[in-house]
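This is what each chain is made of:
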Amino acid sequence: MRSPLAMTAILMAGVSYRSVPVALRERLAFAPGEIPAALADCQARGPVNEAMLLSTCNRVELYVVGERSGLMEAFGELCRRRGVEPATLQGLVDIRAGRDAILHCFRVSASLDSMIVGEPQILGQVKDAFELARRAGTVGPVFHRLLSQAFAVAKRVRTETAVARHAVSIPGAAIELAEKIFGRLEGRAALLIGAGDMAELAARHLLDHGVSSLRVANRTWARAVELSRVLSATPVPFERWPEELAHVDIVITSARSSRPFVTVDGVGAALSRRRARPIFFIDIAVPRNVEPDVTHLENVFCYNIDDLQRVVASNLEERQGEAARAELLIEGEADTFLTSLRGRDVVPSIVALRRRVEAMSRTELERALRKLPHAPRETRAAFEALVAGIVNKILHPPTVKLREAASAGAGREWVEVVSQLFALSPTLVSGRTARPTDRADTPNGSGPITVAAR
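Thresholds, definitions, all that
- Residues numbered from 1 in each chain as written.
- Predicted model: local features only at pLDDT ≥ 70, side-chain atom pairs only at ≥ 80, totals over all residues.
- Heavy atoms only, no water.
- Salt bridge = Lys/Arg side-chain N within 4 Å of Asp/Glu carboxyl O.
- Helix = DSSP H or I, 4+ residues; strand = E, 2+ residues; numbered from the N terminus.
- Buried < 20%, exposed > 50% of the residue type's maximum accessible area, 1.4 Å probe, protein only.
- Arc of directions from axis to C-beta.
- Contact = heavy atoms within 4.5 Å.
- Pairing = 2+ DSSP bridges.
- Axes fitted to C-alpha atoms, helices over the stretch in contact; angles between N-to-C directions.
- Phe/Tyr/Trp six-rings, centres within 6.5 Å; stacked < 30°, edge-to-face > 60°.
- Core = buried A, V, L, I, M, F, W, Y, C linked by side-chain atoms within 4.5 Å.
- Patch = residues over 30% accessible without salt bridge, like charges linked within 9 Å, V, L, I, M, F, W, Y side chains within 5 Å.
- Areas by Shrake-Rupley, 256 points an atom, 1.4 Å probe, with all protein chains shown as cover.
- Parallel < 35°, antiparallel > 145°, perpendicular 65-115°, else oblique.
- Left-handed = near helix turned anticlockwise from the far one by under 90°.

(A) A look at the pattern of salt bridges. Enumeration over the complete set of coordinates arrives at 27 salt bridges. The shortest N-O distance in the salt bridge between Arg99 and Glu331 comes to 2.6 Å. Placement of Arg99 in helix α4 (residues 99-109) and of Glu331 in helix α12 (residues 305-370) is noted, with a sequence separation of 232 residues between them. With a closest N to O distance of 2.6 Å, Arg310 and Asp307 form a salt bridge. Pair noted here: Arg310 and Asp307 are both in helix α12, with a separation of 3 residues, about one helical turn. For Arg310, a relative accessible area of 52% corresponds to the exposed category.

Dropping the structure here:
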């Protein structure tokens, strides 16, 4: 007989940026609208009770509650849906089971497995994957508990560690430095000199952090107008940018130039009209747009691309240190989840055992009472109380033992024993409707991709 708990194993199979190049990940990726049908097919194909598919630019991972054979068959079919033969992924698929799969889910949600540790996007992507699975009807009680705890773990990592606290991109580092100079950026004015991709990204960061006024100066007027429209900014003719220095607080330079054009004399002239208000230059151009000596002027702060890269490197190092703290936190959360799951695993068996013994006792009670058709109500009540007391006394020892075994991590073995002793069928224990794959002779081998589980 198949173990009634075999269907509660948490498993994961997937590929990520760690082992698979982007060209192959692109082929395996699923659009959100394609995921519900793919999940329904996964659940219909084999011993899979619950399923969730996480598909991002950096990973495609299938999480299931079920058996390894079902996981491998389902993941293989997902590959074929994208025109990729599973055999081509030999040695590249990451397969995890039990505690390792739970840890991985928590680490991914908390962005500890991301290319950039601490990036915020992945948590939203995991939440979206869970919602798609819920709508597809492939989420059950185990994944509800698992993902609820994964989201809580991610929140703990962000609030109790500094793993996501400091910027690890050039535009982000620029904003971090600007906030150190000005405090809050709400109500500040900024000027872009040059309209390249990096400048646009930095400008978006500024707007997201509350900068209220943005000007764009570029040698190509059409580009200045275009970018101003996208950012709701004001285009400025390139030759007039020096006039703007008297009015803005932050200047981002990224123009192509063989020599610096933001000079000490030009900035000094603007300072006389600023009434001691500080001004912050972010020079991300190579060659530099701002003369090095500008930084020596009073109330002027200037950082170039090397300065920003040093900030990023320092922040990355700090994030890695905080990630070690986060890993310890996640280990504890995984153990907590496993303990609660083990206790939950024996509940269906306890319920099934009680139902079976109560059904047998009802049958025998009704048989006895039929022989006493004229017995008064008090006598019938006494018989019913007697039988209920016997049932409770019979069920107490195995119930206690099952719960103790679950807490000790041996619940599966004792469920097998109780199931055999009381002839509890897997369908009765799991509460599922029997399917052709529920036959006792269903093979448990690995699926189309044979990769050793971690």
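(B) Representation of helix α11 (residues 264-271) within the structure. Restricting attention to buried positions, one finds in α11 the residues Val267, Ala270 and Leu271. Down the axis of α11, the buried side of the element spans an arc of 105 degrees, and every buried residue falls inside it. As for α11, its buried residues are in contact with β9 (279-283) and β10 (300-304).

(C) Looking closely at the sheet that holds strand β1 (residues 10-16). Pairing in this open sheet of 4 strands is antiparallel, and the strands run β2-β3-β1-β4 from one edge to the other. Looking at which strands have only one partner, the edges of the open sheet turn out to be β2 (48-55) and β4 (94-97). Across the sheet, the mean angle separating the axes of adjacent strands is 15 degrees when strand polarity is ignored. Examined bridge by bridge, β2 and strand β3 (residues 59-66) share 7 bridges and lie antiparallel to one another. Counterpart to Leu53 in the pairing with β3 is Leu62. Along the sheet, helix α2 (residues 35-45) makes contact with β2 and β3, crossing β2 at roughly 150 degrees. Its contacts with the sheet place helix α5 (residues 121-136) against β2 and β3, and it is angled at close to 140 degrees to β2.

(D) View of the side chain of Ser257. Examined against the element boundaries, Ser257 turns out to sit in the loop between β8 (250-253) and α11. We classify Ser257 as buried; its relative accessible area is 15%.

(E) Molecular detail of the packing of aromatic side chains. If you walk through the whole model with that rule in mind, you get 5 aromatic pairs. Measuring from ring centre to ring centre gives 6.3 Å for Phe106 and Phe337, while their planes differ by 80 degrees; the resulting arrangement is edge-to-face. Within this pair, whereas Phe106 is found in helix α4, its partner Phe337 is found in helix α12, the two being separated by 231 residues in sequence. We note that Phe106, like Phe337, is buried.

(F) Structural view of the sheet that holds strand β5 (residues 189-193). Judged by pairing direction, the sheet is parallel, and its 6 strands sit side by side in the order β7-β6-β5-β8-β9-β10 without closing on themselves. The open sheet has two edge strands with one neighbour each: β7 (234-237) and β10. With direction set aside, neighbouring strand axes in the sheet form an average angle of 20 degrees. Judged from the 5 bridges that link them, β9 and β10 form a sheet pairing that is parallel. For Asp283, the partnering residue across the bridge sits in β10 and is Asn304. Strands in contact with helix α7 (residues 170-182) are β8, β9 and β10; relative to β9, the strand with the most contacts, it is inclined by about 165 degrees.

(G) Quick look at the nonpolar core. Core analysis: the biggest nonpolar cluster contains 68 residues, and Ile10, Leu62, Phe106, Phe143, Leu146, Leu147 and Ile330 have the highest contact counts within it. Contact partners of Leu147, with chain neighbours within four places excluded, come to Met52, Cys105, Val126 and Phe130. In terms of nonpolar packing, the next biggest core, distinct from the first, is built from 30 residues, Ala203, Ala224, Ile250 and Val311 among them.

(H) Here's a closer look at the pairing of β1. Buried residues dominate β1, accounting for 7 of its 7 residues. Residues of β1 alternate between two faces, with Ile10, Met12, Gly14 and Ser16 on one and Leu11, Ala13 and Val15 on the opposite face, all of them buried. Pairing analysis gives 7 bridges linking β1 to β3, with the strands arranged antiparallel. Bridged to Met12 within β3 is Tyr63. Here β1 runs beside β4; their pairing, made up of 4 bridges, is antiparallel. For Gly14, the partnering residue across the bridge sits in β4 and is Asp94.

(I) Seen up close, unusual backbone geometry. Here the amide bond leading from Val286 into Pro287 is cis, since omega sits at 0 degrees, within 30 degrees of zero. Mapped onto the fold, Pro287 is located in the loop between β9 and β10. Although it is not a glycine, Ser111 adopts a positive phi angle of roughly 65 degrees. By the element assignment, Ser111 lies in the loop between α4 and α5. Positive phi is not limited to glycine here, since Ser232 has a value of about 55 degrees.

(J) Expanded view of a nonpolar patch on the surface. Judged by side-chain polarity, Met115, Ile116 and Leu316 come together as a nonpolar surface patch covering roughly 270 Å² of accessible area. Considering the arrangement of structural elements, one finds Met115 in the loop between α4 and α5. The exposure class of Met115 is exposed, given its relative accessible area of 54%.

(K) Summary view of the packing of α5 against helix α6 (residues 141-160). Between α5 and α6, the shortest axis-to-axis distance is 11 Å and the interhelical angle comes to 165 degrees. Compared by their axis directions, α5 and α6 come out roughly antiparallel. Regarding α5 and α6, the two cross each other, and that crossing is left-handed. Mapping the contact onto sequence places Leu123, Val126, Lys127, Phe130 and Arg134 in α5 and Phe143, His144, Leu147, Phe151 and Ala154 in α6.

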